[in-house]
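What follows is each chain in one-letter form.
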Amino acid sequence: MAQSLVVGACPHDCPDTCSILTTVEDGKAVAVRGNPDHPFTRGRLCVKVNNYEERVYSEQRVLYPLKRVGAKGSGSFNRISWEEALREIATRWRTIIAESGAEAILPYSYLGTQGIINGLNVGDPLFNKLGASVSERTFCDSASCTAYMMTIGHTPGVDPESFVHSKYIILWACNTLSTNSHHWPFIEKARKAGAKLVVIDPVRTRTAGLADWHIQIRPGTDCALALAMIHIVVKENLVDHDYIDKHTIGFDELAARAESYTPEFAARETGIPAPDIVKLAREYATTPPAVVRIGVAVERHAGGGQTVRAIACLPALIGAWKHVGGGLLQLPIWAFPVNWPTLMRPDLQPAKMRVINTWRLGAALTGDLPAGPPIKSLVVYNANPMAMVTEQDKLERGLAREDLFTVVSEHFLTDTAKYADIVLPATTQLEQKDIMFSWGHLYLSYNNPAIAPLGEAVSNTELFRRLAAAMDIDDPFFFRSDDEMIEASMDWANPALQGISMEQLKQTGFARLSLQGPDEWAPHRDGNFPTPSGKCEFKSSIAEGGNFVVPLFRQGYGADQAGEPVDPLPHYIAPNENPATAPMKAEHYPLNLISPKSHAFLNSNYGNLPAQQVLAGEQQMVILHPEDAGSRGIVAGSPIRVFNERGSFEAFATLSADVMRGVVVAPAGYWHRSNRRGATVHAVTPPAYADLGRAPTFSDVLVQVATA
Amino acid sequence: MPYVVTDLCAGCRYTECVSVCPVECFHIDDTMTYIDPENCIDCGGCVPACPVGAIKAAHKLPPDKVEWVETNRRRAAETPVVTSRLPPLPGADERKRAIIRR
């Protein structure tokens, strides 16, 4: 038996981007394990990916193109050839373009894989060239990115490995042990050297359970806490005046703004006792090196953008950036010199394009559109909207439209794929080649394919080569090989890639960016913020241009941004839906629902696979405080209905005092068809945008719960 | 359901598992190690680290080993945490060779 070990990298939407060793025997992948040589992976994967080979060889995999034969959504398909599939797609698109214009075509994708050539931007050049509607993909981190840009620019921030030097670590809205677990040993090492770990989270998660101090906070009120911390460090003169004078602008205005954000104000908003807020601010300011790691969850409410604006001001106020292991960690992706314009090709766009925000897909498919033609064709890849976006009843109605030509590229017949006219088989990470950035560490990774594609599955790069050919595009750009695309994807001359050769990268599978090491690197010791002024902008000059979504999430299209006025200084925006801000709604729907990630799923990936379903349950579970359950006659394990004016879903109740009274936790990612009555948590979530970056407000919602 | 140490550990107790675990969820007695199911984060790093393959995901245990789920839970509550690798028990290498030959 010929056995070999192939080094690759995990494709998933996760900060850890692990290095994976796949054991291949006679052309078949028999096992995967974490690469022990990778300093972040350290020989471990996670519950999602430990049995990745079972995903690859699952009998549920779609391996051949399919054409719908039954009613939409019935899941009845016949196998067809790739030739027939491409011919049908091209014919339908040409007709649609002739009748309605290319804007009637809408791509929908996100990070089923986050590989650089198969991921976020793989379809952008084609859809830009066709002039299709721009899919504005702001599912995740968009408010944070916009807020970040406004304050400290696109900096990678603190190296996660530098946390070993930190003495005060705040994990803010981040459940590290479930969604960033490879970072944990660095935090643990810091604690063994005397660091204090603070976790801010409405729920006593696994991570919060191991903290020195868990601060439970009302969902969506984190900005009040951050602003009160600013208030306290200014008032008690715990700020670093030297750093502020040299490397920031707008301190006087920020100080004046922060005056009204007293600890008492924050205590009323957050439910955290005022003395604790004062203690947190004082400890944070006087225990260098102090570092804050924010999670994605921090932005999922009305004031999500300003929350990150406020938090991003804190390190500069206390001079935390001067120390190794001091500052802020949010998205190290900005350290990777990726040739984003080459990936997206915004230069191919017509002068004017229609922008549709795609987490509001339900609205878009049922006629709620900016000017222009109705959507006549939807192209879904790297995503599963039926599991992950709001207004699911609208989405179902939209997908069921007979006049909508839907193409879905997938591994499995997801709840979305069941509505397709054509399903196209996609390769998994073991069957494709890619190069990977990370948004959680500073290692570039190479994914060597371990096995040949199963059946007739193709990589996304190959899918779009075939679609380009079918549409008679003759620009050789659209027919480059994977190797050519990988070569073109990175700015190899950039100092961050110095000393990294493609040969070495393919062989070892990973290389650390050529930056200073984690024991020396303090990226903003001397300022050098990538902002217009080069300084940390408490008062943001970019904010004067109004609200925007970073072009990376909009196929590179920079025009027609939302543009609403944005206050140049951080300020508090209360949640849309809590008992204080929506008292009439709260009379009927008194509980705040949050929808974090499930420990065993990755978004909706693995929601259909047995090993992960064993851990997460096959059906949606919802966690309530025993008192909230008791007063409703709900016992552990019993079926419940969660509802508000938008809709309802059913689940099984878990009771736990880890959850705050008045808060209900419904982990996202369960499939529609798995749940009682076939609805997911997104039957109740709101379509409202957060304040910046058109981020969603999925955790800013009031519900009622009752026995089912 | 997390990971579980089975009777294959007893007699060797290499503790390679302990050096990989990111959350220090291993407990120990004179015979073998145990995984605390409350602290295990299902990372699976211990599985390939064990020289004799003693660790399995709970739901993948053969019927005659299912009892080890409860044993791990009970014994983890009764025994101290082990945070660093220890020398294996006497005779461990011979025992390992016998297991691998099987």
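Residues numbered from 1 in each chain as written. Chains lettered and ligands numbered in written order. Predicted model: local features only at pLDDT ≥ 70, side-chain atom pairs only at ≥ 80, totals over all residues.

### Examining the overall build of chain A
Piece 1. Within chain A, the secondary structure is distributed over 23 helices and 27 strands.
Piece 2. Against the compact-globule benchmark of 27 Å for 708 residues, chain A has a radius of gyration of 25 Å, which places it among compact chains.
Piece 3. Along the longest, intermediate and shortest principal axes, the C-alpha atoms of chain A span 70 × 65 × 55 Å.
Piece 4. By the burial criterion, 60% of the 708 residues in chain A qualify as buried. (Helix = DSSP H or I, 4+ residues; strand = E, 2+ residues; numbered from the N terminus. Rg over C-alpha atoms; globule rule 2.2 N^0.38 Å. Buried ≥ 20, exposed ≤ 12 C-beta atoms within 10 Å, placed from the backbone.)

### Some points on the interface of chain B and chain A
Piece 1. Contacts between chain B and chain A engage 12 residues on the former and 16 residues on the latter.
Piece 2. Residue classes in the side of chain B that touches chain A are distributed as 8 nonpolar, 3 polar and 1 charged. (Contact = placed C-beta atoms within 7 Å. Nonpolar A, V, L, I, M, F, W, Y, C, P; charged D, E, K, R; others polar.)

### A look at the packing of helix 8 (residues 222-235) of chain A against helix 10 (residues 251-258) of chain A
Residue and element names in this part refer to chain A.
Piece 1. Between helix 8 and helix 10, the least distance of the axes is 9 Å, while the angle of their chain directions is 110°. With respect to their mutual orientation, helix 8 and helix 10 come out roughly perpendicular. When the axes of helix 8 and helix 10 are compared, the crossing they make is left-handed. Contacts between helix 8 and helix 10 pair Leu227, Ile230, His231 and Val234 from the former with Leu254, Ala255 and Ala258 from the latter.
Piece 2. Each residue belonging to the contact of helix 8 with helix 10 can be placed in one class, and the counts come to 6 nonpolar, 1 polar and no charged. (Axes fitted to C-alpha atoms, helices over the stretch in contact; angles between N-to-C directions. Parallel < 35°, antiparallel > 145°, perpendicular 65-115°, else oblique. Left-handed = near helix turned anticlockwise from the far one by under 90°.)

### A closer look at the sheet that holds strand 3 (residues 28-34) of chain A
Residue and element names in this part refer to chain A.
Piece 1. Pairing is antiparallel in the open sheet, where 3 strands are placed in the order 1-2-3. Either end of the sheet is taken by a strand with one partner, and the two such strands are strand 1 (3-9) and strand 3. The average undirected angle you get between the axes of adjacent strands in this sheet is 25°.
Piece 2. When strand 2 (residues 19-25) meets strand 3, the two strands line up antiparallel, connected through 6 bridges. Within the sheet, the bridge partner assigned to Leu21 lies in strand 3 and is Arg33. (Pairing = 2+ DSSP bridges.)

### Points about the packing of helix 8 of chain A against helix 13 (residues 304-318) of chain A
For any two helices packed against each other, one specifies the inter-axial angle together with the distance between the axes.
Residues and elements named next belong to chain A.
Piece 1. At their nearest, the axes of helix 8 and helix 13 sit 8 Å apart, and the two run at 25° to each other. By the criterion of interaxial angle, the relationship of helix 8 to helix 13 is roughly parallel. In this structure, the crossing between helix 8 and helix 13 has a hand that is left-handed. Every residue of helix 13 that contacts helix 8 at Asp222, Cys223, Ala226, Leu227, Met229, Ile230 and Val233 is listed here: Gln306, Thr307, Ala310, Ile311, Cys313, Leu314, Leu317 and Ile318.
Piece 2. By residue class, the composition of the contact of helix 8 with helix 13 is 12 nonpolar, 2 polar and 1 charged.

### Some thoughts on the pairing of strand 19 (residues 443-447) of chain A
Piece 1. Along strand 19 of chain A, 5 of the 5 residues are buried, which leaves the element largely enclosed by surrounding structure.
Piece 2. Linking strand 18 (residues 434-436) of chain A back to strand 19 of chain A in an antiparallel pair, the connection comprises 6 residues.

### Points about the pairing of strand 12 (residues 290-294) of chain A
Residues and elements named next belong to chain A.
Piece 1. With respect to burial, strand 12 is a largely interior element, 5 of its 5 residues being buried.
Piece 2. Here strand 12 shows a buried face lined by Ala290, Val292 and Ile294 and a second buried face lined by Val291 and Arg293.
Piece 3. As defined by bridge partners, strand 8 (residues 168-172) adjoins strand 12 across 5 bridges and the pair is classed as parallel. Residue pairing across strands places Leu171 opposite Arg293, the latter belonging to strand 12.
Piece 4. By the bridge criterion, 3 bridges tie strand 12 to strand 13 (residues 327-329) in an arrangement that is parallel. Its bridge partner lying in strand 13, Val292 is registered against Leu328.
Piece 5. A crossover connection joins strand 12 to the parallel strand 13 through helix 13; in handedness this β-α-β unit is right-handed. (Right-handed = clockwise from strand over helix to strand, strands pointing away.)

### Notes on the domain arrangement of chain A
Residues and elements named next belong to chain A.
Piece 1. With domains assigned, chain A is organised as domain 1 (66-133 + 353-512), domain 2 (142-333 + 522-554) and domain 3 (583-707).
Piece 2. Inter-centroid distance (C-alpha atoms) of domain 1 to domain 3 is 29 Å.
Piece 3. Across the contact, 15 residues belong to domain 1 and 20 residues belong to domain 3.
Piece 4. Of the residues in the side of domain 1 that touches domain 3, the class split is 7 nonpolar, 4 polar and 4 charged. (Domains from an automatic or database assignment.)

### Structural notes on the nonpolar core
Generally speaking, soluble globular proteins have nonpolar side chains that are buried together.
Residue and element names in this part refer to chain A.
Piece 1. In this structure, Ile169, Met229, Ile230, Val642 and Val664 are the most contacted members of the largest nonpolar core, which totals 249 residues.
Piece 2. Ranked by residue count, the leading element in this core is helix 8, at 11 residues.
Piece 3. When neighbours within four sequence positions are excluded, Ile169 is seen to be in contact with Phe163, Ile187, Ala190, Ala195, Leu197, Val198 and Val291. (Core = buried A, V, L, I, M, F, W, Y, C linked by C-beta atoms within 7 Å.)

### Observations concerning helix 3 (residues 67-78) of chain B
Residue and element names in this part refer to chain B.
Piece 1. Spanning 12 residues, helix 3 covers 17 Å between terminal C-alpha atoms, matching the ideal 16 Å at 1.5 Å per step.
Piece 2. Residues of helix 3 that are buried: Trp68, Asn72, Arg75 and Ala76. Each buried residue of helix 3 sits inside an arc of 105° when the element is viewed along its axis, so together they form one side. Facing away from the buried side of helix 3 by over 90 degrees, the exposed positions are Glu70, Arg74, Ala77 and Glu78. (Expected span 1.5 Å × (residues − 1). Arc of directions from axis to C-beta.)

### Looking at the confidence of the model for chain B
Piece 1. Overall, the predicted model of chain B reaches an average pLDDT of 93, with 99% of residues at or above 70.
Piece 2. The ipTM value of the predicted complex is 0.92, and its pTM value is 0.96. (pLDDT = per-residue confidence, 0-100.)

### Observations regarding the environment of Ala49(B)
Piece 1. Residue position: Ala49(B) is located in helix 2 (residues 46-49).
Piece 2. By C-beta crowding, Ala49(B) is classed as buried, having 20 other C-beta atoms within 10 Å.
Piece 3. Each C-alpha atom of the pair Ala49(B) and Ser19(B) lies 8.8 Å from the other, and the pair is 30 residues apart in sequence.
Piece 4. Setting aside anything within four residues of it in sequence, one finds Ala49(B) in contact with Gly43(A), Glu16(B), Cys17(B) and Val20(B).

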